[in-house]
Amino acid sequence: MKTLAAGLAALLAAPLLSGCLIVNETTRSPAASPAPAAQAETEPRGPIDLRRTTLLVRDMEASLAFYEGALGLEKYYDQIITSRDGTSQSHLVLLRANDPNIGVIGLWELEGAADAPAPQFTEQWVPGEIVLLFNTSELDEVFPRAAAVEGVTVISEPTYREYPGDGVTYEVMVSMLRDPDGHIVELNNRLNPPLDWD
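Here is what the cut-offs are and how they apply
Within any chain, residue numbers begin from 1 and follow the written order of that chain's sequence. Thresholds applied to this predicted model are a pLDDT of at least 70 for local features of residues and 80 or more for the giving and counting of side-chain atom pairs; totals over whole chains, interfaces and linings are not thresholded and use all residues. Only heavy atoms go into the side-chain values, all of them from the structure, while hydrogens and water stay out. The secondary structure listing takes helices from DSSP runs of H or I that are at least 4 residues long and strands from runs of E that are at least 2 residues long, numbered from the N terminus. Three exposure classes are used, based on accessible area relative to the maximum for each residue type with a 1.4 Å probe and protein chains only: buried under 20%, partly exposed in between, and exposed over 50%. Note on contacts: a residue pair is in contact if any heavy atoms of the two residues lie within 4.5 Å. We get accessible surface area from the Shrake-Rupley algorithm with a probe of 1.4 Å; when it comes to residues, only the shown protein chains can shield them. In short, DSSP must find at least two bridges between two strands for them to pair. Pairing of aromatic rings covers Phe, Tyr and Trp, the last through its six-membered ring, and needs centres within 6.5 Å; plane angles under 30 degrees mean stacked, over 60 mean edge-to-face, and all others mean tilted. Pairing of N or O atoms within 3.5 Å defines a polar contact, subject to two protein rules: one partner must be a possible hydrogen donor and the other a possible acceptor, and residues neighboring in sequence count only if both atoms are side-chain atoms. Interaxial angle, 0 to 180 degrees, is taken between N-to-C directions of lines fitted to C-alpha atoms, where a helix line uses only the stretch in contact. Roughly parallel means an angle under 35 degrees; roughly antiparallel means over 145; roughly perpendicular covers 65 to 115; every other angle is labelled oblique. Two helices cross in a left-handed way if the nearer one is turned anticlockwise from the farther one by less than a right angle. They cross in a right-handed way if the turn is clockwise. Charged residues are taken to be Asp, Glu, Lys and Arg, nonpolar residues to be Ala, Val, Leu, Ile, Met, Phe, Trp, Tyr, Cys and Pro, and polar residues to be all remaining types, Gly included.

Participant: When you look at the overall build of the protein in this model, what are you seeing that I'm missing?
Facilitator: When helices and strands are tallied, the protein shows 4 helices and 8 strands. Secondary structure elements of the protein, listed N to C terminal, follow the sequence α-α-β-α-β-β-β-β-α-β-β-β. Buried residues in the protein amount to 30% of all 198 residues. In the protein, of all internal contacts separated by at least 6 residues, the share reaching a separation of at least 24 is 57%. Here the protein displays about 12,600 Å² of accessible surface, and carbon together with sulfur accounts for 54% of that area.

Participant: Help me out: how do you make sense of unusual backbone geometry in this one?
Facilitator: Peptide bonds are mostly trans, and most non-glycine residues show a negative phi. Between Asn-192 and Pro-193 the backbone carries a cis peptide bond, its omega angle lying at -15°. Position of Pro-193 relative to the elements: it lies in the segment after β8 (184-192).

Participant: Honestly, the pairing of strand β2 (residues 74-82) in this entry has me stumped. Any pointers?
Facilitator: Side-chain direction in a regular strand flips from residue to residue, so the side chains alternate between the two faces of the sheet. Bridge count between β2 and strand β3 (residues 89-96): 8 bridges; the pairing is antiparallel. Paired with Lys-75 across the bridge in β3 is Leu-95. Linking two consecutive strands that pair antiparallel, namely β2 and β3, is a turn of 6 residues; a positive phi of about 75° is found at Gly-86 within it.

Participant: Looking at this structure, I do not really get the packing of aromatic side chains. What am I missing?
Facilitator: Both the distance between ring centres and the angle between the ring planes are used here to describe each pair of aromatic rings. Taken as a whole, this structure holds 2 aromatic pairs when the rule is applied. Note on Phe-66 and Tyr-67: the rings are 4.8 Å apart at their centroids and 85° apart in plane angle, and the pair reads as edge-to-face. You can call Phe-66 buried: its relative accessible area is 0%. Take Tyr-67: its relative accessible area is 0%, and that puts it in the buried class.

Participant: In this structure, what is going on with the pairing of strand β7 (residues 169-178)? I would like to understand it.
Facilitator: Both strand β6 (residues 153-164) and β7 contribute to a ladder of 9 bridges, which runs antiparallel. Paired with Tyr-163 across the bridge in β7 is Tyr-170. Following β6, the chain reverses through 4 residues before pairing antiparallel with β7; Gly-167 in that reversal takes a positive phi of roughly 75°. Direction of pairing for β7 relative to β8: antiparallel, over a ladder of 8 bridges. Within β8, the residue paired with Val-172 across the bridge is Arg-190. Two successive antiparallel strands, β7 and β8, enclose a turn made up of 5 residues, where Gly-182 displays a positive phi of approximately 90°.

Participant: Can you walk me through helix α3 (residues 60-70) in this structure?
Facilitator: For an α-helix, 3.6 residues make a turn, and residues three or four places apart therefore share a direction. Burial in α3 covers these residues: Met-60, Ser-63, Leu-64, Phe-66, Tyr-67 and Ala-70. The N-capping residue of α3, defined by a side-chain oxygen 3.0 Å from the backbone nitrogen of Glu-61, is Asp-59. Looking one or two residues beyond α3, the residue adopting positive phi is Gly-72, at roughly 90°.

Participant: What should I look at first to understand the sheet that holds β8 in this one?
Facilitator: Across a sheet, strands are paired by hydrogen bonds formed along the backbone, either parallel or antiparallel in direction. Across the sheet, 4 strands lie side by side as β5-β8-β7-β6; this open sheet has mixed pairing. Both edges of this open sheet fall to β5 (131-135) and β6, since each of them pairs with a single strand only. For this sheet, the mean angle separating the axes of adjacent strands, direction not counted, is 25°. Taken together, the 5 bridges between β5 and β8 define a ladder with parallel strand orientation. Looking across to β8, one finds that Leu-133 is bridged to Glu-186.

Participant: Looking at this structure, I do not really get the packing of α3 against helix α4 (residues 139-147). What am I missing?
Facilitator: Each pair of packed helices gets described by two things: the angle between the helix axes and the distance between those axes. As a packed pair, α3 and α4 sit with axes 10 Å apart at the nearest point and diverge in direction by 165°. As far as their axial angle goes, α4 and α3 are roughly antiparallel. Note that α3 runs across α4; the crossing there is right-handed. On α4, the residues touching Phe-66, Gly-69 and Ala-70 of α3 are Val-142, Arg-145 and Ala-146. In terms of residue class, the contact of α3 with α4 is made up of 4 nonpolar, 1 polar and 1 charged.

Shown next as structure tokens:
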């Protein structure tokens, strides 16, 4: 518990990792700036964004084999962090898909995490668990790679599902796995209507 508290304190103390990034039009890079027409069409931004989900992991290499190797997320931060009191160190890796500012996954291995007991879970999901959802137009390639990673548990292979919407039926291929630490991961491909960026 002391190691977990020290690790959390170290992360919260690092300004780079505070989870808050204020960007205005004068500091945003040209590549990140939307075209003028797109700016006119976008809704005003609210005061909050979900920037990152950080997962506590037991084995960084196993987690990277899944999130970086199989899913194809890009690693852009990889550092050892020392606690404020200097008594412990942790390893933090940040990965992203297509957006530089949102949808980031953090993998955080605290000191001594390898000694943590293996995750215990049943086939029945329980409140308190989370589901990480990744969209991919290449589900036929991504799912087998993800399922083959050591420590991954397949919950369900890609299956056609329909979800009701306002005047539309969403057609989706859905698959479910547990990553090497037991986090639930949904890999899906929305067939119809297609996502705007597909």
